[in-house]
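Fold and contact review
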Amino acid sequence: MFRQAKALLRLRGQQSAWRLKSTAAERALQYRAGQKIHGFTVREVAPVPDLFLTAVKLTHDRTGAQYLHAARDDSNNLFSVLLRTTPRDSTGVPHILEHTVLCGSEKFPCRDPFFKMLNRSLSTFMNAFTASDYTMYPFSTQNGKDFQNLLSVYLDAVFFPCLREQDFWQEGWRLENEEATDPSSPLVFKGVVFNEMKGVFSDNERVYAQHLQNKLYPDHTYSVVSGGEPLVIPDLTWEQLKQFHATHYHPSNARFFTYGDLPLEQHLQQIEEEALSRFQRIEPNTDVPPQPHWSSPREDHVTCSPDALAPDPARQNSLCVSYLLGDITDTFEGFTVSLLSELMISGPNSPFYKALIEPKIGSDFSSVVGYDGSTKEASFSIGLQGMAEEDTERVKQIISQTMDDIIQNGFEEERIEALLHKIEIQMKHQSTNFGLSLASYIASAWNHDGDPVQLLQISDSVAKFKQALVENPRFLQDKVKHYFKENTHRLTLSMSPDEAYLEKQAQAEEEKLQRKIQALSDSDKKEIYEKGLELLAAQSETQDVSCLPALKMCDIEPKISPTAVQMGSAGGVPVQFCEQPTNGLVYFRAMCSLNTLPEDLRLYVPLFCSVITRMGSGDLDYRQQAQQMELRTGGMSVSPQVVPDSTHLDMYEQGVLLFSSCLERNLPHMFQLWSDIFNSPHFDDEERLRVLVMRAAQELANGISYSGHMYAMTRAGRHLTPAGDLQETFGGMKQVKFMKRIAEMSDLTQVIRTLPRIKKHLLNPDNMRCAVNTTPQKLSDTSAQLESFIRDVAGNRKQRKPVRANISERPLDPLHESGPSRKLICEQNFQPCQMKTFFQMPFPVNFVSEIIRTVPFAHEDYASLSVLARMMTAKYLHGEIREKGGAYGGGARMGGGGLFTFYSYRDPNSVQTLSAFRKGVDWAKSGPFTQQDIDEAKLSIFSAVDAPVAPADKGSGRFLSGITDEMKQSHRERLFAVTHKNLVGVAERYLSVGQRTCGVSILGPENEAIKKDPSWIVK
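All of these numbers come straight from a predicted model, not from anything done at the bench. (Residues numbered from 1 in each chain as written. Predicted model: local features only at pLDDT ≥ 70, side-chain atom pairs only at ≥ 80, totals over all residues. Heavy atoms only, no water.)

**So, the overall build of the protein chain**
Inclusion rule: Secondary structure elements follow DSSP: runs of H or I of four or more residues count as helices, runs of E of two or more count as strands, with numbering from the N terminus. In this setup the radius of gyration rests on C-alpha atoms only. A globule is expected at 2.2 Å times the number of residues raised to 0.38. Only protein chains enter the calculation, and the probe is 1.4 Å; a residue is then buried if its accessible area is under 20% of its type maximum, exposed if over 50%, and partly exposed in between. Two residues form a contact once any of their heavy atoms are found within 4.5 Å. Residue exposure ignores everything except the shown protein chains as possible cover, and the areas themselves are Shrake-Rupley values with a 1.4 Å probe.
When helices and strands are tallied, the protein chain shows 34 helices and 31 strands. Computed over the C-alpha atoms, the radius of gyration of the protein chain is 28 Å, within 12% of the 31 Å expected from 2.2 N^0.38 for a compact globule of 1019 residues. If you line up the protein chain on its principal axes, its C-alpha atoms span 80 × 75 × 65 Å. Residues counted as buried form 61% of the 1019 residues belonging to the protein chain. Counting only contacts in the protein chain whose residues sit at least 6 apart along the sequence, the fraction spanning at least 24 positions is 81%. Accessible area for the protein chain stands at about 38300 Å²; split by element, carbon and sulfur atoms hold 49% of it.

**Points about the environment of W923**
Along the chain, W923 turns up in helix α29 (residues 911-926). With 563 residues separating them in the primary sequence, W923 and K360 have C-alpha atoms 55 Å apart. Every residue in contact with W923, bar those within four places of it in the chain, is listed here: M871, M872, K875, Y876, P928 and F929.

**Notes on the environment of L535**
Here L535 is to be found in helix α19 (residues 522-540). The buried category is assigned to L535, whose relative accessible area is 3%. Taking C-alpha positions, L535 is 67 Å from R797, a pair spaced 262 residues apart along the chain. Contact partners of L535, with chain neighbours within four places excluded, come to Q166, W169, Q170, R174 and E176.

**Digging into helix α21 (residues 622-632)**
Under the convention used in this document: In protein, a polar contact means a hydrogen-donor-capable atom and an acceptor-capable atom, both N or O and within 3.5 Å, with residues adjacent in sequence counting only if both atoms are side-chain atoms; elsewhere, any N or O pair within 3.5 Å suffices.
When we look at burial in α21, the residues that qualify are Y622, Q625, A626, Q627, M629 and L631. Turning to α21, the residues buried within the fold contact α13 (413-428), α20 (605-612), β21 (636-644), α22 (667-679) and α23 (686-716). The backbone nitrogen of R623 has a side-chain oxygen 3.0 Å away, supplied by the residue at the start of α21, namely D621.

**Let's talk about the environment of E171**
Along the polypeptide, E171 turns up in helix α5 (residues 165-171). On the basis of relative accessibility, which here comes to 3%, the residue E171 falls in the buried class. Along the primary structure E171 and P722 are separated by 551 residues, whereas in three dimensions their C-alpha atoms are 41 Å apart. Not counting chain neighbours up to four residues away, the residues in contact with E171 comprise H99, T100, C103, G191, V192, V193 and R882.

**So, a negative patch on the surface**
Heads up, the rule is: Within this analysis, patches are made of residues with over 30% relative accessible area and no salt bridge. Like charges are joined at 9 Å or less; nonpolar side chains (Val, Leu, Ile, Met, Phe, Trp, Tyr) at 5 Å or less. Any Lys or Arg side-chain nitrogen located within 4 Å of an Asp or Glu carboxyl oxygen qualifies as a salt bridge. When charges are counted, Lys and Arg are positive and Asp and Glu negative, with His and the chain ends excluded. Each charge is placed at NZ for Lys, CZ for Arg, CG for Asp and CD for Glu.
Together, E412, E413, E414 and E417 line one region of the surface with negative charge. Here E413 lies in helix α13.

**Thoughts on the side chain of H489**
Looking at the element boundaries, H489 is found in the loop between α17 (475-485) and β17 (490-497). For H489, a relative accessible area of 0% translates into the label buried. Within the structure, H489 has its side chain in polar contact with the backbone oxygen of L216 (distance 2.9 Å). When sequence neighbours within four positions are dropped, the list of residues in contact with H489 reads L216, Q291, P292, H293, W294, S322, Y323 and L324.

**So, the sheet that holds strand β27 (residues 846-853)**
In sheet architecture, strand pairing relies on hydrogen bonds along the backbone and comes in two forms, parallel and antiparallel. In plain terms, the rule: Pairing between two strands is assigned when DSSP locates at least 2 bridges connecting them. For helices, the axis comes from a line fit to the C-alpha atoms of the stretch in contact; other axes are also lines fit to C-alpha atoms, and the angle between any two N-to-C directions lies between 0 and 180 degrees.
Read from one edge to the other, the open sheet built from 6 strands follows the order β28-β29-β27-β30-β26-β31, with strand pairing classed as mixed. What marks the edges here is a single partner per strand, and that holds for β28 (889-894) and β31 (1017-1018). Summarising the sheet, strand β26 (residues 835-840) and β31 pair through 2 bridges and their orientation is parallel. Paired with F838 across the strands is V1018, a residue of β31. In this fold α23 packs onto β26, β27, β28, β29 (899-907) and β30 (998-1004), with an angle of close to 25° to the strand it touches most, β27.

**With respect to the side chain of R255**
Tracing the sequence through the fold places R255 in strand β11 (residues 254-260). When its relative accessible area of 4% is taken as the criterion, R255 is described as buried. Among the polar contacts listed, one links the side chain of R255 to the backbone oxygen of W446, at a separation of 2.8 Å. Separated by 3.4 Å, the side chain of R255 and the backbone oxygen of N447 make a polar contact.

**Thoughts on the pairing of strand β13 (residues 317-327)**
Most of β13 is tucked away: 9 of the 11 residues are buried. Where β13 meets strand β16 (residues 377-387), 8 bridges bridge the pair, whose relative direction is antiparallel. Looking at the pairing, L319 lines up with L384 of β16. The pairing of β13 with β17 spans 6 bridges and is classified as antiparallel. By the bridge assignment for β17, C320 is matched with L493.

**Structural notes on unusual backbone geometry**
Of note in the backbone geometry, D112 takes a positive phi value of approximately 65° without being a glycine. A residue is classified by how much of its surface remains accessible, and D112, at 5% relative accessible area, is buried. The backbone phi angle of R906 is positive, close to 45°, even though this residue is not glycine. The class of R906 is buried, set by a relative accessible area of 4%.

**What to know about the pattern of salt bridges**
For the structure shown, the criterion picks out 58 salt bridges. The partner of R804 in a salt bridge is E599, with the nearest N and O atoms 2.7 Å apart. Placement of R804 in the loop between α27 (779-792) and β24 (807-811) and of E599 in the loop between β20 (585-593) and α20 is noted, with a sequence separation of 205 residues between them. Given the relative accessible area of 33%, E599 is considered partly exposed.

**Some remarks on the pairing of strand β23 (residues 768-774)**
Counting buried residues along β23, 7 of its 7 residues qualify, which places the element largely inside the surrounding structure. Of the two faces of β23, the one lined by M768, C770, V772 and T774 and the one lined by R769, A771 and N773 are each fully buried. Alignment of strand β19 (residues 573-579) against β23, held across 5 bridges, turns out to be parallel. In the sheet register, F577 faces β23, and the bridge partner there is V772. Where β20 meets β23, 6 bridges bridge the pair, whose relative direction is antiparallel. The partner of F588 across the bridge, within β23, is V772.

**Some details on the packing of aromatic side chains**
Test applied: In summary, the pairing rule links any two rings of Phe, Tyr or Trp, Trp by its six-membered ring, whose centres are within 6.5 Å, and it sorts them by plane angle into stacked for under 30 degrees, edge-to-face for over 60 and tilted for everything else. When the NZ atom of lysine or the CZ atom of arginine is within 6 Å of a ring's centre and also within 35 degrees of its normal, the charge is said to sit over that ring.
With the rule as written, the count across this model stands at 39 aromatic pairs. Taking the centre distance of 5.0 Å and the plane angle of 65° together, the rings of F139 and Y154 count as edge-to-face. Taken together, the residues span a long stretch of sequence, with F139 in strand β8 (residues 134-141) and Y154 in helix α4 (residues 144-159) at a distance of 15 residues. The pair formed by F139 and Y154 is uniform in burial state, with each residue classed as buried. Of the aromatic side chains, those joined through ring pairs into one cluster are F40, Y67, F79, F114, F115, F139, F147, Y154, F159, F160, F256 and F279. For the cation-ring pair, K242 lies above W238, with the distance from its terminal atom to the ring centre recorded as 3.4 Å. When the ring centre of F959 is taken as reference, the NZ or CZ atom of R769 above it lies at 5.1 Å.

**Concerning the packing of α21 against α22**
The condition that has to hold: Note that the term roughly parallel is reserved for angles under 35 degrees, roughly antiparallel for angles over 145, roughly perpendicular for angles of 65 to 115, and oblique for everything else. Crossings are assigned a handedness: left-handed for a near helix turned anticlockwise from the far helix by less than a right angle, right-handed for a clockwise turn. Residues are sorted three ways: Asp, Glu, Lys and Arg are charged, Ala, Val, Leu, Ile, Met, Phe, Trp, Tyr, Cys and Pro are nonpolar, and all the rest, Gly among them, are polar.
At a minimum axis separation of 10 Å, α21 and α22 run at an interaxial angle of 150°. By the angle between their axes, α21 is roughly antiparallel relative to α22. For the pair α21 and α22, the sense of crossing is left-handed. Listed contacts from α22 to Q625, Q628, M629 and R632 of α21 are H669, L673 and I677. Its residues assigned to classes, the contact of α21 with α22 comprises 3 nonpolar, 3 polar and 1 charged.

**Things to note about the nonpolar core**
Convention followed: We call a set of buried Ala, Val, Leu, Ile, Met, Phe, Trp, Tyr and Cys residues a nonpolar core when their side-chain atoms join them within 4.5 Å.
Counting 140 residues, the largest nonpolar core has F257, M344, F352, F484, F588, W674 and F789 as its most contacted members. Residue contributions to this core peak at 9 residues, all from helix α14 (residues 434-447). Excluding residues that lie within four positions of it along the chain, F484 makes contacts with Y323, L325, L340, M344, F380, M403, K479 and R490. Of all hydrophobic cores here, the second largest spans 86 residues; its members include A65, I233, L264 and V302.

Rendered as structure tokens:
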């Protein structure tokens, strides 16, 4: 997976059980600097009380490998190894290597142990990333035996991979006949990374970000595309790949990180015995030298493909000014500039928001904006997208003028206070993937020999920051002057759409292909054909995976650990209370029903949700409101919800979910902000609304090339269930097009009139229920505050008639049938219908989905269909769609709304993939799978079912969908009980061609075959 990282302060952790003494962190305090353990020497032991952990820093005696262990009372243990990979060309060698090392190793020579282990483990995370200057291999799991299994596989893959030529062809690039079995079909480029990168660069935001980095750092590794430039990838040879591994994948060039409550000695022993003991120290020479500073600023221009869904087709230019900053290994300087960046650009009170966004010169900030600490020297960028070419000079002028204004006026103290409050909340909030967050947070600085322990001591940086402001009130203004005003190393990069962009790209690829083909003799072509057949044969043969370690079904807990909730009420509104170790935070949720909302207003609900907390309310204008939210809460949001019923396919609940969190001391303030939103929201500021509409429309348009599979799935399910139809309205292509239409309106009066109509139906305590997660000590106080909030908003309570007559009630507490209930819409006469839709898009890859209507969650066959989806993915579809087809991803999944979903992601094929889905069903019906295959699919499902849940989210599934612990337990028992016969049976009953009702959708480039086929609707 290729990614551009941004090192921001996003630290979220989870403590499973709050004790006064944190045992794992305490044990680690016993290590001493200089102590020798399994070939390692302890260098430093540092308590980090803010994050409830102890950091232990070590080095490996023989190879010099660096090691950091974060001991913390968290059972979701993580391992990561990071290698500094600094390519000097754009062939994508580190990215293709990242894919290829996972295709088999010395101890585990089977093809693709990485994907095979997904089904042989209870991992909570497994992946690999290629950044600009490092490659990282992380996994996490809650099971100690599993941790050792995965560690063996990862160590062997990274340090002793097979790197077979066939794997390089499959994962990197190859020339092959279009139809591998037909020597007369034309030769084309194939390969997983080749297609992945074509997909990545079909996203204009990524094109821009890549150019910006390459041009701001033109002198070393950052001037190339580490993920691979599609037209340069075919210059990479297998020999070069192996050479890159030999020089970069060495312990002397590695940084190991472990996290959690498992003992450190065990990890060190296994890493030493299975890998490091076989190496001697080398000098890797992978250092990145500082970028020589320019003596004068530079300008440049690039082009991209036009976006048919852009909010304003006439304004599709981008412009951004990027500044080279200091070395990221200076922890405090990095911390200061990242805070400075937030103050400059974040939220409606920031100077650049006021100067660039509010005048509506563009639709949003440029795709790269703010502080970026993912390169050895950081950068800061500011600019606009969705602007007109003639505004170029004006935007440059505004950026320069705004810098001057900041130097003169500085920042209000309250904004600095709000930012420090945000950091306090981020440090207290606990998430389930805290280890992974830490690994990503320290990666860049540690990669360049910064001190990872210092990065974790955030409170020290905060204290130093406050002190600097006391000593010099102009501290931040001086930084702006130094880094921005007086900095000659700055690049102004503009980007404009070129109608012929895709055509030129395709032509360049065709020319590259022809040059390769012209250099081939007849015997070369014959050899290519034969190698293609060999690869196809290798991909098709059944693998012997017995060499791989695996957990067994007996390693899975038979019972779920229950979550205790108490049902109560506040001011006549039902409330679910859940006591959790939330570390001094209170989490509030409220579900408000949409049942009384007139149907013609449904399309507006997502827009209503995104603006209701951003337009101002009560005595506060939108700027004051934003400021209060930052000062007093961890954020306040409203989002549309469609919750399919667990027992009936044609029933669902529709509503909007209010969500917010705050420190205990701020409870009255948080509820006061909600009261104002209920009682007197502001809707009449057309200028403010236009800014929000433009940004929302731009974000939706930008998201399609990244989330195309989600849009394809939502559209394919649209006509299969009533909930599916509403999901398309709220979150599908229908919504994208609606928002584009709103953004194009010259007059928003009609929208302004619509919003209060929606508000009176939605923010009505009469059809609302609440949930609160907090510590036992805070429960009664929270309950009292909630009571007074409900009293404050009682004026909005009104009994209104539901729009649909057929309402079905489900008790919130199954033990009290007569108590308060969820009110579901029931469409008994719903007729599912088959529909095939094609959206022509400006990308060179496809997103394909086919969905079949099956059974709801509580049905006895649901568990079998879930296991079948996992097994079809692992044992059939992955091989067909990714290995043979070259798509970045694909498979099947069973959805809670009773929809069995096939999908592919960044796929060079379209109709052929649909045929792979059908063949997958035939494969399942013929039942060629073993008990081991079934157990593996079950393991993979249990790793998702038993994924850790953060204290903030405990009980939220029950609150939203009414699925109780008892229902989860019976689902669990059905999963355990699934047999071979069940799997073949459900494939025949639900997925067979004659039996099924299905929807199909594809987003992709122009497609002649589909256009000629009258069974498709082409958009």
